[in-house]
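The lines below spell out each chain.
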Number of protein chains: 2
Amino acid sequence: MSKTPKRPLTLRDVSEASGVSEMTVSRVLRGLGDVSEATRARVQEAASRLGYVPNRIAGALASNRVNLVAVVIPSLGNMVFPEVLSGISEGLEGSGLQPVVGFTDYLPEREEKALFEMLSWRPSGVIVAGLEHSEASRAMLARAGVPVVEIMDVDGEAIDAVVGISHVRAGREMADAILAAGYRRIGFLGTKMPLDYRARKRLEGFRARLAEAGVGIEDQEFYEGGSALLKGREMTQAILARSPDLDFLYYSNDMIGAGGLLWLLGKGVAIPDRVGLAGFNRIELLDGLPRRLATMDACRREIGLRAAAIVAARRADPSLPGAERVELTPTIEPGDTLRRRPGAAPDPRA
Amino acid sequence: MSKTPKRPLTLRDVSEASGVSEMTVSRVLRGLGDVSEATRARVQEAASRLGYVPNRIAGALASNRVNLVAVVIPSLGNMVFPEVLSGISEGLEGSGLQPVVGFTDYLPEREEKALFEMLSWRPSGVIVAGLEHSEASRAMLARAGVPVVEIMDVDGEAIDAVVGISHVRAGREMADAILAAGYRRIGFLGTKMPLDYRARKRLEGFRARLAEAGVGIEDQEFYEGGSALLKGREMTQAILARSPDLDFLYYSNDMIGAGGLLWLLGKGVAIPDRVGLAGFNRIELLDGLPRRLATMDACRREIGLRAAAIVAARRADPSLPGAERVELTPTIEPGDTLRRRPGAAPDPRA
DNA sequence: GTGAAAGCGCTAACAT
DNA sequence: ATGTTAGCGCTTTCAC
């Protein structure tokens with residue numbers, strides 16, 4: 001190497017190296033037209049020879065445009081958000097936009113902080129999980145002046161656009177399927193997190209629908225932290241020790257459901273006749289289990305795709321009306337753990 | 001609301017609203033000293049009443065400081081990087097730095113693009129997975145003028161700092177443990193990805209150590225895409241159908257290993273006597289399986305922690321020498337799928 | 001097709 | 001303890 005400048009290179013360096021004005025260099029590097037082929041070639045050559053990396057900070061300040069989309073999600077632990085993220089990445093492809101992720105750990109104050117941090121970079125859009133936010137968070141989002149897409153959930157009031165499923169309805173439909181299959185003594189197993197609103201809404205819809213049929217949740221079990229698969233085993237053992245008459249276990253997510261399934265299979269319990277099982281999320285892992293757990297697809301990837309598409313579309317055409325509302329419809333997959341009674345009411349979604 | 005300004009607020013707005021100069025407002029908002037309590041209070045009040053969100057773009061340009069750390073990793077699919085990420089987040093806590101993640105999908109050209117994008121925001125540091133990069137990527141990193149920490153792997157030449165484990169050694173030590181347990185007819189099951197250098201290095205070390213003992217890999221099976229758990233089942237079935245005499249299966253990751261374990265248990269195969277098994281990564285999922293798969297902890301969380309600590313330390317004190325090298329030592333966990341022969345050579349790491 | 005001037009919103013450095 | 005001035009590296013606008 002000839003020299004190792006500690007200072008990052010600027011447009012001016014490329015300008016001097018190529019003998020072309022800064023302005024024209026900028027045009028070439030941004031791929032704008034109206035530059036002669038000869039000039040373009042000289043500039044490109046100089047830029048790549050020097051290893052110039054543009055300073056987006058300066059560019060963004062001058063142009064008032066930032067190619068970043070803020071994505072604020074609870075965590076990466078539970079298999080659900082990685083898939084949403086990959087949907088977002090895919091949906092942003094070709095738009096020139098880039099996702100930047102922040103995490104909340106399901107804590108409102110962390111959400112607030114994450115939003116503040118991200119908004120301070122003036123992103124071109126915000127995609128945020130859930131409809132429940134602190135007052136301050138809502139205020140920030142409302143004033144951000146860019147598209148805001150709340151994802152995962154549609155049960156509530158949106159700030160701007162929303163893309164998701166109804167978790168209340170998801171719970172209700174699973175209750176329908178379970179009742180239709182003839183189960184009546186139902187246990188629920190879930191997470192302790194009081195701030196996981198979507199899990200709560202599913203339970204709420206589930207419980208309400210059961211109640212309409214005169215059925216109650218006979219026993220429940222909650223966990224927190226640790227390996228979900230292991231917790232699923234432990235909770236299943238515990239709930240059945242306490243309430244051996246249960247004939248169905250509804251798990252708030254597939255991972256604990258899978259744990260329960262493995263434990264029951266190990267015990268030689270007849271599934272789905274003696275006990276039926278269902279989870280939620282349709283995680284890929286289920287494909288590798290000895291039996292297929294009944295579940296419900298949460299449309300995670302498509303949620304990401306659609307949310308990204310909204311941000312990209314509005315950036316391309318800021319005159320769009322906004323406040324888009326996309327409600328996706330999850331479908332029940334009965335798998336092998338939900339009894340199919342010949343005489344039972346048919347699944348309305350066939 | 002009184003008014004809804006489409007234009008984001010600036011320091012000047014807060015200055016006017018509070019009757020304090022922009023400079024002093026800036027001081028208050030950045031928490032610098034030498035401001036009277038009265039002024040501070042007035043400024044804080046005005047800022048939060050207006051809902052001011054600072055413009056980091058302008059701040060970064062003026063101060064030449066950016067509180068972002070670029071993190072470039074292959075993907076989020078395989079359980080390994082979420083944990084690294086959470087280690088990074090934790091390690092960055094209190095430093096004022098924020099991780100920003102980019103994905104490569106194990107493709108060098110995507111890595112190059114991700115690095116270029118991130119470096120154009122002039123982050124305070126770069127944490128990148130692996131030691132293998134394109135020429136252009138290496139050049140960018142070398143010229144970035146900020147700490148660069150290559151993580152996960154130490155087998156190769158680092159650009160600056162490196163934090164990881166030796167995958168060659170990990171493969172070799174697993175081979176040692178398997179040989180010591182008395183297995184001799186060994187099969188390997190892994191991923192097809194030719195660009196997963198770490199998996200390749202493990203296999204390389206594994207094969208080399210076996211060869212030293214005069215043992216070969218008798219059969220192998222590779223997969224790509226799909227549910228790893230399911231692929232593990234399928235590959236296990238396939239390899240044993242073809243080579244029924246194998247007495248050990250070494251999986252390149254725990255997820256396929258778990259699939260194999262479940263399949264073998266379902267078939268009633270005696271584990272670890274008839275067939276022994278081992279994976280790699282020590283994923284949490286293993287805790288919930290009927291038997292504990294033998295595995296090796298990849299120290300993912302600690303790698304993230306240490307890498308973050310290096311970036312934070314060097315930012316706090318730029319005079320630090322750099323080129324830190326941290327080699328972590330993974331430990332074998334024999335679980336229930338690696339036979340323990342009383343007379344066998346003892347584990348040197350006991 | 002190319003260039004010169006102004007300024008994006010902040011902060012460093014220097015007053016006072 | 002507070003204010004003033006200059007300028008970060010680019011893009012916008014307008015001139016040629």
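An unreviewed UniProt entry lists chain A under the name Transcriptional regulator, LacI family, with Rubellimicrobium mesophilum DSM 19309 as the source organism.

Caption draft 1: Fine view of the overall build of chain A. The helix and strand tally for chain A stands at 12 helices and 12 strands. Relative to a compact globule of 350 residues, whose C-alpha radius of gyration would be 20 Å, chain A shows 26 Å and is clearly more extended. Its C-alpha atoms give chain A principal-axis dimensions of about 85 × 45 × 35 Å. Across the 350 residues that make up chain A, the buried fraction comes to 54%. Of the contacts formed within chain A by residues at least 6 apart in sequence, a portion of 67% connects residues at least 24 apart. Here chain A displays about 15,200 Å² of accessible surface, and carbon together with sulfur accounts for 51% of that area.

Caption draft 2: Representation of the protein's contact with DNA strand D within the structure. Of all residues adjacent to DNA strand D, which total 22 residues, the nearest are M23(A), S26(A), Y52(A), R27(B) and T39(B). Sugar plus phosphate, as a fraction of atoms of DNA strand D within 4 Å of the protein: 65%. In the environment of DNA strand D, a phosphate oxygen lies 3.1 Å from a nitrogen or oxygen atom belonging to the side chain of T24(B). Taking L61(B), its main chain carries an N or O atom lying 3.4 Å from a base oxygen of DNA strand D. Within the residue set of the surface near DNA strand D, elements represented by two or more residues are α2 (22-29) and α4 (56-63) of chain A together with α2 (22-30) and α4 (56-63) of chain B. When the residues that make up the surface near DNA strand D are grouped by side-chain class, the tally is 10 nonpolar, nine polar and three charged.

Caption draft 3: Main features of the protein's contact with DNA strand C. The full set close to DNA strand C counts 22 residues, and S21(A), R27(A), T39(A), S26(B) and Y52(B) are the nearest of them. The separation between a phosphate oxygen of DNA strand C and a polar side-chain atom of S26(B) is 2.3 Å. Elements supplying a minimum of two residues to the surface near DNA strand C: α2 and α4 of chain A together with α2 and α4 of chain B. Residues that form the surface near DNA strand C fall into these classes: 10 nonpolar, nine polar and three charged.

Caption draft 4: Expanded view of the UniProt feature "domain: HTH lacI-type" (unreviewed entry) in chain A. Within this numbering scheme, the UniProt entry marks residues 9-63 of chain A as carrying the feature "domain: HTH lacI-type" (unreviewed entry). Between the end C-alpha atoms of residues 9-63 of chain A the distance is 20 Å, and the span holds 69% helix and 0% strand.

Caption draft 5: Looking closely at the pattern of salt bridges. What the rule picks out here adds up to 52 salt bridges over all chains. Two residues, E117(A) and R56(B), come together in a salt bridge whose shortest N-O distance is 2.7 Å. Of this pair, E117(A) sits in helix α6 (residues 108-119) while R56(B) is found in helix α4, placing the two residues in two different chains. On the accessibility criterion, R56(B) (23% relative accessible area) is partly exposed. The residue E212(A) makes a salt bridge to R209(A) at a minimum N-O spacing of 3.7 Å. Residue E212(A) and its partner R209(A) are located together in helix α9 (residues 197-212), separated by three residues, close to a single helical turn. When salt bridges with common partners are traced through the structure, they connect R169(A), E173(A), R325(A) and E327(A) into a single cluster.

Caption draft 6: Region of the structure containing the interface of chain A and chain B. Taken together, the contact pairs 50 residues of chain A with 50 residues of chain B. Together, the buried faces of chain A and chain B total about 4,500 Å²; carbon and sulfur atoms form 64% of this surface. Looking at the side of chain A facing chain B, the largest losses of area belong to I57(A), W121(A) and R122(A), adding up to 16% of the total buried there. Taken together, the links from chain A to chain B amount to four salt bridges. The shortest N-O distance in the salt bridge between E93(A) and R110(B) comes to 3.8 Å.

Caption draft 7: Up close: helix α5 (residues 80-92) of chain A. All names here are of chain A. Look at α5: 19 Å from first C-alpha to last across 13 residues, which is about the 18 Å you get at 1.5 Å a residue. Among all positions of α5, only V80, F81, P82, V84, L85, G87, I88, G91 and L92 are buried. Just downstream of α5, G94 is the residue with a positive phi angle, here 85 degrees.

Caption draft 8: Spotlight on the relation of the copies chain A and chain B. Superposing chain A onto chain B takes a rotation of 180 degrees plus a shift of 0.0 Å along the axis, which leaves an RMSD of 0.1 Å. Interpreted geometrically, this transformation is the action of a two-fold axis.

Caption draft 9: Up close: the pairing of strand β7 (residues 217-223) of chain B. Residues and elements named next belong to chain B. Looking at chain direction, strand β6 (residues 186-191) and β7 are connected through six bridges and run parallel. What sits directly across from F188, in β7, is Q220. Regarding topology, helix α9 (residues 197-212) serves as the crossover connection from β6 to the parallel β7, and that connection is right-handed.

Caption draft 10: Representation of the domain arrangement of chain A in the model. All names here are of chain A. Its domain assignment divides chain A into domain 1 (11-54), domain 2 (66-165 + 300-329) and domain 3 (167-298). Between domain 2 and domain 3, the C-alpha centre-to-centre distance is 29 Å. Listed by partner, the interface residues are 17 residues for domain 2 and 16 residues for domain 3. Carbon and sulfur atoms make up 55% of the surface buried where domain 2 meets domain 3, a total of about 1,500 Å² over both sides. Area buried by domain 2 at its contact with domain 3 is led by Y106, I165 and R300, which between them contribute 42% of it. At the boundary of domain 2 and domain 3, one finds three salt bridges. Ionic pairing is found between R169 and E327, a salt bridge with its closest N-O pair at 3.4 Å. Along the contact surface separating domain 2 from domain 3 lie nine residue pairs in polar contact (both at pLDDT 80 or more). For the side of domain 2 that touches domain 3, the per-class residue count stands at 10 nonpolar, two polar and five charged.

Caption draft 11: Region of interest: the packing of aromatic side chains. Under the counting rule described, the total for this entry stands at nine aromatic pairs over all chains. For the pair W121(A) and W121(B), a centre-to-centre distance of 6.0 Å together with 80 degrees between the ring planes defines the contact as edge-to-face. Taken together, the residues span two chains, with W121(A) in the loop between α6 and β3 (125-129) and W121(B) in the loop between α6 (108-119) and β3 (125-129). A connected cluster of aromatic rings, assembled from ring pairs, spans F188(A), F206(A), F222(A) and Y250(A). Here R339(A) stacks its cationic end above the ring of Y183(A), 4.1 Å away from the centre of that ring. The aromatic ring of F280(B) is capped on one face by R202(B), whose charged end is 3.9 Å from the ring centroid.

Criteria and thresholds
Residue positions are given per chain, counting from 1 as you read along its sequence in written order. Just so you know, chain letters begin at A and ligand numbers begin at 1, following the order they were written in. Under the rules for a predicted model, residues below a pLDDT of 70 receive no local features and side-chain atom pairs below 80 are neither given nor counted, while totals for whole chains, interfaces and linings still include all residues. Side-chain descriptors were evaluated using all non-hydrogen atoms of the structure, hydrogens and water having been removed beforehand. Numbering of helices and strands starts at the N terminus; helices are DSSP runs of H or I of at least 4 residues and strands are runs of E of at least 2. Note that the radius of gyration is over C-alpha atoms, with the globule rule given as 2.2 Å times the number of residues to the power 0.38. Relative accessible area decides the class of each residue, using a 1.4 Å probe on protein chains only: under 20% of the type maximum gives buried, over 50% gives exposed, and in between gives partly exposed. Throughout, a contact is declared for two residues whenever any of their heavy atoms are within 4.5 Å. The accessible surface values rely on the Shrake-Rupley method and a 1.4 Å probe; as for residues, cover is taken only from the protein chains in view. A cutoff of 4 Å decides nearness: a residue is near a molecule or strand if any of its heavy atoms lies inside that distance of it. Here a polar contact means two N or O atoms within 3.5 Å. Within protein one must be a hydrogen donor candidate and the other an acceptor candidate, and residues neighboring in sequence count only if both atoms are side-chain atoms. Amino acid classes used here: Ala, Val, Leu, Ile, Met, Phe, Trp, Tyr, Cys and Pro are nonpolar; Asp, Glu, Lys and Arg are charged; the rest, including Gly, are polar. UniProt positions are given in the numbering used here, feature names are shortened, and annotations may be inferred rather than shown by experiment. The salt bridge criterion pairs a side-chain nitrogen of Lys or Arg with a carboxyl oxygen of Asp or Glu, the two atoms within 4 Å. Here the buried area means the combined drop in accessible surface, using a 1.4 Å probe, for two parts upon being joined, counting both sides. The span you would expect from a helix comes to 1.5 Å times its residue count less one. The fit set for superposing copies consists of C-alpha atoms from residues with pLDDT of at least 70 in both; the fit itself is least squares. Strands pair, by our definition, only if DSSP identifies at least two bridges between them. Seen with its strands pointing away from the viewer, a crossover is right-handed when the path leading from the first strand over the helix to the second is clockwise. The domain boundaries here were taken from an automatic or database domain assignment. Each Phe, Tyr or Trp ring, with Trp reduced to its six-membered ring, pairs with another whose centre is within 6.5 Å; inter-plane angles below 30 degrees give stacked pairs, above 60 give edge-to-face pairs, and intermediate values give tilted ones. A ring has a charge above it when a Lys NZ or an Arg CZ is no more than 6 Å from the ring centre and no more than 35 degrees off the ring normal.

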